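Chain residues, written in single-letter form:
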Amino acid sequence: MSCFKVNSERDVLIIVDVQNDFCPGGALAVADGDAVVTVANALMAHFDHVVLTQDWHPPGHSSFASSHPGGNPFERVMMPYGHQTLWPDHCVQGSRGADFHPGLDTGRAELVLRKGYHQSIDSYSAFFENDRTTPTGLTGYLHTRGFTRVFLAGLATDYCVHYTGLDARREGFDVVLVEDGCRAIDLEGSLARAWSEMDEAGVAVTCSGRLTG
Ligand code: VGL
Ligand code: ZN
């Protein structure tokens, strides 16, 4: 695993969806999800620029199984924009489950990017919604600020971190995933698929102990 020297001007740390609902006890709990909190806080000390993302769904969101008659969580259905996994109701706007984990240091964040707020489209990626075309505006923000490399950590490795990493590459950023700062849902091979797609896309992988600078 490679070491990386952080460049305070061109590098940005994006911490993905470290929210109560993705942590143990939450509505869509990721196994050991709260373990990323201390790693994320420690990572922030290496960076001058930090962005947090927040999954932020309206009640009755189309990604919720409860919005589909007969639908069950973790089933796949066809939406106008393609396949979509159905989830338990989670990260409902303004709910406790949508709050950041109370241990996460949010004070260093220069931007909190909310996503998944359109009723009929889910958004795993922080760059594009699940139709792969509706932009969140993050590319423009990062370009305008002059950032060229994105370090990624958070939840979940195989969904929101995965798609954010792929889209960051697609948008021309160098991308480094900090593996010990992520945890996965791992649904029907999703984690293995995420690793191979990220590798193919040129997403580099490191761990938090290998950052310098
Ligand atoms: C996520 C499933 C549904 C994530 C968000 O943050 O990885 N996964 N919504
Ligand atoms: Zn969601």
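This is a predicted model, so every value here is computed, not measured.

Moving on, we get to the sheet that holds strand E3 (residues 50-55). The six strands lie next to each other as E6-E3-E2-E7-E8-E9, forming an open sheet whose pairing is parallel. A single partner strand is all that each edge strand has here, and the edge strands are strand E6 (109-115) and strand E9 (204-206). Ignoring strand direction, the axes of neighbouring strands in this sheet form an average angle of 25°. Here three bridges tie strand E8 (residues 174-183) to E9, and the two strands are oriented parallel to one another. Directly across from Val176, in E9, lies its bridge partner Ala204.

Turning to its location among the elements, Asp131 is positioned in the loop between E6 and helix H2 (138-145). Taking the C-alpha atoms as reference, Asp131 lies 7.3 Å from Gly82; in sequence the two are 49 residues apart. For Asp131, the contacting residues outside a window of four places in its chain are Tyr81 and Ile121. Side-chain polar atoms of Asp131 contact the backbone nitrogen of Thr133, separated by 3.0 Å. In terms of polar contacts, Asp131 uses its side chain to reach the side chain of Thr134, at 2.5 Å.

Cut-off values and rules
- Residues numbered from 1 in each chain as written.
- Chains lettered and ligands numbered in written order.
- Predicted model: local features only at pLDDT ≥ 70, side-chain atom pairs only at ≥ 80, totals over all residues.
- Heavy atoms only, no water.
- Pairing = 2+ DSSP bridges.
- Helix = DSSP H or I, 4+ residues; strand = E, 2+ residues; numbered from the N terminus.
- Axes fitted to C-alpha atoms, helices over the stretch in contact; angles between N-to-C directions.
- Contact = heavy atoms within 4.5 Å.
- Polar contact = N/O pair within 3.5 Å; in protein donor to acceptor, adjacent residues only side chain to side chain.

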